[in-house]
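Working through the structure, step by step
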Amino acid sequence: MFVDQVKVFVKGGDGGNGVVAYRREKYVPMGGPAGGDGGKGADVIFQVEEGLRTLMDFRYQRHFKAKRGEHGMSKNQHGKAAEPMVVKVPPGTIVTDVNTGEVIADLTQHGQQKVIAKGGRGGRGNSRFATPANPAPEISENGEPGQERDIMLELKVLADVGLVGFPSVGKSTLLSVVSSAKPKIGEYHFTTIVPNLGVVETEDNRSFVMADLPGLIEGAHQGIGLGHQFLRHIERTRVIVHVIDMSALEGRDPYEDYLTINSELKEYNLRLTERPQIIVANKMDIPEAEDNLEAFKEKLQDDVPIFPISAITRQGLRDLLFTIADLIETTPEFPLDVVEEDEASKRVLYRHEKAESDFFISRDSEGAFVLTGDKIEKLFKMTNIERDESIKRFARQMRGMGIDDALRELGAKHGDIVKLLEFEFEFIE
Ligand SMILES: Nc1nc2c(ncn2[C@@H]2O[C@H](COP(=O)(O)OP(=O)(O)OP(=O)(O)O)[C@@H](O)[C@H]2O)c(=O)[nH]1
Ligand SMILES: [Mg+2]
């Protein structure tokens, strides 16, 4: 089984900041607080899109940052929440948190959605902090930072198209020039002994999975040669690409090759003949190939498209890939008679429960206390440090979490430096 995987970074939008504002009305010299709350930051949502077959798009875009919420405004107007960022993924995508190993989502059904990174909540405006003791507080909160995550997307892929043909006709060479797969290529027969899969992208940005199968020979359906055990791989493909060596340098007749392989496919499983086929006339860079192709066309009675190409010089590949992509799109899936689960390929996924740590304290080379931790960092980011009252509130929150006690226990004295993110404070006894 082939697993397409890609690592990406997602970040929910930050919440909008709350503001400090006061009512200004005629004849009311000191109005009450009127600072609105910030809006919620956007979530990053993954949504299954049936038509997608690979994770190719993620190779170009690996960062997904959602918009922040609008800031609060005066007159108690709240900032607007940001619209979620919807990212399309193919069915079968499994999303894992890289740092914890947690499986965040297993996305299978068309339209299914999952929030992958939450947007932060909006910060509260000063109206929310009014109390009878402090009716006009000068305090507001910044928006909560959006959730940040490094995630791994994994997609088990089945081949959409299978390359079949005699040994040494150039199946592996073709796969190697249209995908990033690096199959072994050799001038001897049976170079390929297990199927290779690769993700192919067309110039118009469609993508599909191509399998290069071991060469088939007469009697393959009875187990002669190597191909037999792998024929089942093409039972799953929607399209069969029949690769023929048009140079005929090995002495076989290309048209005979075509008939032999088709009869092997038919003997193996009649239903293989229901799949649309494309003939690839390969090795057209060799002078003899032109005449052989003419003779081949004259004999061919089936209504099958022929694409003359050279895998080596890459001639004729563009149109071939367009046609394959078109056929995949218009051919329904072939349900398997027996559904088999490949045990060895079942992923082992670890689940770590990682509690949101309150705080950690370490000391740097200058002897300063360095404070880290998800919760304390988040609280700090939500503090509007331009306002004294907000800073005082933050100091209370730190005390509440037991940070002051912990610092004292570690020997912190009045005036010692405490660092948090890019800021420095003095420890006050
Ligand atoms: N001149 C020429 N040689 C080619 C072309 N494509 C492949 N070959 C050569 O043909 C030989 C066989 O190529 P492979 O890609 O290994 O063939 P295969 O069909 O995968 O063979 P098996 O894995 O043995 O079934 C190699 O020596 C290639 O370099 C082509 O377009 N032109
Ligand atoms: Mg090969």
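An unreviewed UniProt entry annotates the chain as GTPase Obg of Litchfieldia salsa. What UniProt records for the chain under Sequence similarities (unreviewed entry) is the sentence "Belongs to the TRAFAC class OBG-HflX-like GTPase superfamily. OBG GTPase family." UniProt, in its Cofactor (unreviewed entry) section for the chain, records the words "Mg(2+)".

Moving on: the overall build of the chain. Looking only at helices and strands, one finds 9 helices and 18 strands in the chain. Among the 429 residues that make up the chain, the fraction classed as buried is 39%. The contacts in the chain between residues at least 6 apart in sequence include a share of 72% that link residues at least 24 apart.

Bringing the site of ligand 1 into the picture now. If you check the shell around ligand 1, you find 24 residues, and the closest are Gly170, Ser172, Thr173, Thr192 and Gly215. Sorting elements by how many residues they give to the shell around ligand 1 places helix 2 (residues 171-178) first, with 3 residues. Across the shell around ligand 1, the residue classes break down as 8 nonpolar, 12 polar and 4 charged.

A few words on the sheet that holds strand 17 (residues 417-420). Pairing in this open sheet of 4 strands is mixed, and the strands run 15-16-17-18 from one edge to the other. Two strands in the sheet have a free side with no partner beyond their single neighbour: strand 15 (360-363) and strand 18 (423-426). Going from strand to strand, the sheet's axes swing by 30° on average, the running direction of each strand aside. Pairing between strand 16 (residues 369-372) and strand 17: 3 bridges, direction parallel. Bridge assignment links Leu371 to a residue of strand 17, and that residue is Leu420.

What follows concerns the sheet that holds strand 2 (residues 44-48). A sheet is described by the order of its strands in space; here 3 strands give the open sequence 4-2-7, paired in mixed fashion. Two strands close off the open sheet at either side, each with one partner strand: strand 4 (85-89) and strand 7 (113-117). Looking at each pair of strands side by side, their axes are set apart by 35° on average, direction ignored. Bridge analysis of strand 2 against strand 7 gives 4 bridges, and the strand direction is antiparallel.

Phi angles above zero are rare outside glycine, and Asn76 is one such case at about 60°. Along the chain, Asn76 falls in the loop between strand 3 (63-65) and strand 4. Notably, Lys283 is not glycine yet its phi reads approximately 65°, a positive angle. Summarising the element assignment, Lys283 is placed in the loop between strand 13 (277-282) and helix 5 (289-299). Judged by C-beta crowding, with 26 C-beta atoms within 10 Å, Lys283 ranks as buried.

Let us look at the pairing of strand 17. Alternating residues of strand 17 divide into Val418 and Leu420, all buried, and Ile417 and Lys419, none buried. Adjacent in sequence and paired antiparallel, strand 17 and strand 18 are bridged by 2 residues, among which Leu421 carries a positive phi angle near 50°.

Before going further, it helps to examine the environment of Lys182. By secondary structure assignment, the location of Lys182 is in the loop between helix 2 and strand 10 (196-201). C-alpha separation for the pair Lys182 and Ser172, spaced 10 residues apart in sequence, amounts to 8.5 Å.

A separate point is the environment of Val157. In this structure, Val157 sits in strand 8 (residues 148-157). Along the primary structure Val157 and Asp4 are separated by 153 residues, whereas in three dimensions their C-alpha atoms are 6.8 Å apart.

Turning next to the nonpolar core. Formed by 65 residues in total, the largest nonpolar core has its most connected members in Leu163, Met210 and Ile324. With 6 residues, helix 6 (residues 317-330) is the single largest residue contributor to this core. Counting only domains with at least three residues in this core, you end up with domain 1 (2-156) and domain 2 (161-337). Apart from residues no more than four positions distant in its own chain, Ile324 is found in contact with Val161, Phe208, Val239, Val241 and Ile278. Counting residues in each nonpolar core, the second largest holds 10 residues, with Leu371, Leu379, Met382 and Met398 among its members.

Another point: the environment of Pro145. Relative to the elements of secondary structure, Pro145 occurs in the loop between strand 7 and strand 8. Classification of Pro145 as buried rests on a count of 20 C-beta atoms within 10 Å. Sequence separation between Pro145 and Lys11 is 134 residues; the distance between their C-alpha atoms is 9.1 Å. In contact with Pro145, other than residues within four places in its own chain, are Asp14, Gly120, Lys378 and Lys381.

Reading the values: the criteria
Residues numbered from 1 in each chain as written. Chains lettered and ligands numbered in written order. Predicted model: local features only at pLDDT ≥ 70, side-chain atom pairs only at ≥ 80, totals over all residues. UniProt positions renumbered as here; feature names shortened; annotations may be inferred. Helix = DSSP H or I, 4+ residues; strand = E, 2+ residues; numbered from the N terminus. Buried ≥ 20, exposed ≤ 12 C-beta atoms within 10 Å, placed from the backbone. Contact = placed C-beta atoms within 7 Å. Near = placed C-beta within 6 Å. Nonpolar A, V, L, I, M, F, W, Y, C, P; charged D, E, K, R; others polar. Pairing = 2+ DSSP bridges. Axes fitted to C-alpha atoms, helices over the stretch in contact; angles between N-to-C directions. Core = buried A, V, L, I, M, F, W, Y, C linked by C-beta atoms within 7 Å. Domains from an automatic or database assignment.

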